Amino acid sequence: MKRITILIADDEVEIADLVALHLQKEGYHIVKAFDGKSALHAVQTQAIDLAILDIMMPGMDGYELTRKIREHHHLPIIFLSAKTSDMDKITGLVMGADDYMTKPFNPMELVARVNSQLRRSLQFSQSVSVQRSILEKGGLIIMPDQHSVTLYGKPLELTPKEFDILYLLASHPKQVFSAESIFEQVWGETYYESGNTVMVHIRTLRKKLGEDVNKSKFIKTIWGVGYTFND
């Protein structure tokens, strides 16, 4: 059975040790880093299956670290941060994190979220090649095996959630998806939020696609209902 390795990056040694203790009880192998550059080096040189990142770290903060990780890796990322505002959470998710927890935190809840992200990641890796095929839509090419997108031959840098939203919409052209449906299918969780996570992801996705919000070429808003893909 493959050993699951989890990276914990936090400049507070006590917190890193506490998280490591609870995850080691679950049987996970732990790698710790106390600054962003060391964490990035760990991802680049070791087989990391999931990363738990603080945001405020010396040398390179969690946002920049996530951006660099996402250039080449698709492992689940959970932010564990003292930054508690809704905008901080939305920024973290838009940057490419899969989940966001605030400090102080319940260690058992963190363990549950880690387990959930790992299950989802395993299910995705096992099924993606069977269930997903390359999509070509008006100059847009979506390649699920490579988790990459090109527009008129130019690569687009999408976060994993942006990619999954785009693939969901593009693989069901003309079908209208509510924000709740998108959240539940992409995040794999019950829609519980009062914020605008899906809307923010759609907005940044449109910007990367070079679209004007009011004159969308690929993604169309059906006001009061949801979103659809223009085939």
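Residues numbered from 1 in each chain as written. Predicted model: local features only at pLDDT ≥ 70, side-chain atom pairs only at ≥ 80, totals over all residues. Heavy atoms only, no water.

Colleague: Mind showing me how you'd approach the sheet that holds strand β5 (residues 99–102) here?
Modeller: By way of backbone hydrogen bonds, the strands of a sheet pair with one another, either parallel or antiparallel. Spatially, β2-β1-β3-β4-β5 is the arrangement adopted by the 5 strands of the open sheet, whose pairing is parallel. Strands with a single pairing partner mark the edges of an open sheet, and in this sheet they are β2 (29–33) and β5. Strand-to-strand twist of the sheet, defined as the mean angle between neighbouring strand axes without regard to direction, takes the value 20°. Seen against the sheet, helix α3 (residues 62–70) touches β3 (50–53) and β4 (77–81) and runs at an angle of roughly 175° to β4. With respect to the sheet, helix α4 (residues 86–95) is in contact with β4 and β5, its orientation differing from that of β5 by roughly 150°. (Pairing = 2+ DSSP bridges. Helix = DSSP H or I, 4+ residues; strand = E, 2+ residues; numbered from the N terminus. Axes fitted to C-alpha atoms, helices over the stretch in contact; angles between N-to-C directions. Contact = heavy atoms within 4.5 Å.)

Colleague: I would appreciate a short explanation of the layout of surface pockets in the present structure.
Modeller: Over the atoms a probe the size of a water molecule is rolled, and this reveals where empty space is left. A volume near 450 Å³ is recorded for the second largest pocket. The set of elements that each furnish at least two residues to the lining of the second largest pocket consists of α3, α4, β8 (148–151), β9 (154–156) and α6 (160–170). Of the residues in the lining of the second largest pocket, the class split is 8 nonpolar, 6 polar and 6 charged. (1 Å grid on protein atoms, 1.4 Å probe; cavity = no way out; pocket = protein on both sides within 12 Å on 5 of 7 lines; lining within 4 Å. Points joined across faces, edges and corners; volume = space filled by probe spheres on them. Nonpolar A, V, L, I, M, F, W, Y, C, P; charged D, E, K, R; others polar.)

Colleague: Looking at this structure, I do not really get the pattern of salt bridges. What am I missing?
Modeller: Side-chain pairs of opposite charge can arise whenever the charged atoms involved come near each other. What the rule picks out here adds up to 13 salt bridges. A salt bridge links K103 to E12, with the nearest nitrogen and oxygen atoms 3.4 Å apart. Linking K103 in the loop between β5 and α5 (107–131) with E12 in the loop between β1 (5–9) and α1 (13–25), this pair joins segments that are 91 residues apart in sequence. Since its relative accessible area comes to 12%, K103 is described here as buried. With a relative accessible area of 38%, E12 lands in the partly exposed category. (Salt bridge = Lys/Arg side-chain N within 4 Å of Asp/Glu carboxyl O. Buried < 20%, exposed > 50% of the residue type's maximum accessible area, 1.4 Å probe, protein only.)

Colleague: Even after reading the chapter, I still don't get the pairing of β5, so can you show me in this structure?
Modeller: For a regular strand, side-chain orientation follows a simple rule: the groups alternate between the two sheet faces. The pairing of β4 with β5 spans 4 bridges and is classified as parallel. Each residue of the ladder has a partner; that of I78, found in β5, is D99. Handedness of the β-α-β unit built from β4, α4 and β5 comes out right-handed. (Right-handed = clockwise from strand over helix to strand, strands pointing away.)

Colleague: Teacher, can you tell me more about the side chain of K137 here?
Modeller: With respect to the helices and strands, K137 occurs in strand β6 (residues 135–137). A relative accessible area of 17% places K137 in the buried class. When near neighbours in sequence (up to four residues on either side) are disregarded, K137 contacts A170, P173, F218, F229 and D231.

Colleague: Would you mind showing me how to read the sheet that holds β8 here?
Modeller: Pairing is antiparallel in the open sheet, where 4 strands are placed in the order β6-β7-β8-β9. The open sheet has two edge strands with one neighbour each: β6 and β9. Averaged over all adjacent pairs, the angle separating strand axes in this sheet is 20°, with direction ignored. Both β6 and strand β7 (residues 140–143) contribute to a ladder of 3 bridges, which runs antiparallel. Bridging across to β7, E136 finds its partner in I141. Along the sheet face, α6 touches β6, β7 and β8 and points at about 110° away from the line of β7.

Colleague: Would you mind going over the environment of E109 with me for this structure?
Modeller: Along the polypeptide, E109 turns up in helix α5. Here the side chain of E109 touches R113 through a polar contact of 2.6 Å, side chain to side chain. (Polar contact = N/O pair within 3.5 Å; in protein donor to acceptor, adjacent residues only side chain to side chain.)

Colleague: Would you explain the packing of α6 against helix α7 (residues 179–186) in this entry?
Modeller: Helix packing geometry: the angle between the two helix axes and the distance between the axes. Packing of α6 against α7 brings their axes to within 10 Å, and their N-to-C directions diverge by 120°. The two elements α6 and α7 cross, and the hand of that crossing is right-handed. Along its contact with α6, which presents K161, D164, I165, L168 and L169, the element α7 presents I182, Q185 and V186. Residues that form the contact of α6 with α7 fall into these classes: 5 nonpolar, 1 polar and 2 charged. (Left-handed = near helix turned anticlockwise from the far one by under 90°.)

Colleague: Hey, could you run me through the pairing of β7 in this one?
Modeller: Taking the residues between adjacent antiparallel strands as the criterion, β6 and β7 are bridged by 2 residues, where G138 takes a positive phi near 50°. Two successive antiparallel strands, β7 and β8, enclose a turn made up of 4 residues, where H147 displays a positive phi of approximately 55°.

Colleague: Help me understand α1 in this model?
Modeller: For an α-helix the count is 3.6 residues per turn, leaving residues at separations of three or four pointing the same way. Between its first and last C-alpha, α1 extends 18 Å over 13 residues, near the 18 Å set by a 1.5 Å rise per residue. I15, A16, V19, A20, H22 and L23 are the residues of α1 that are buried. For α1, the buried positions fall inside an angular range of 170° around the axis, keeping them on one side. In α1, the exposed positions that point more than 90 degrees away from the buried face belong to E14 and K25. Downstream of α1 by one or two residues, G27 has phi in the positive range, about 95°. (Expected span 1.5 Å × (residues − 1). Arc of directions from axis to C-beta.)

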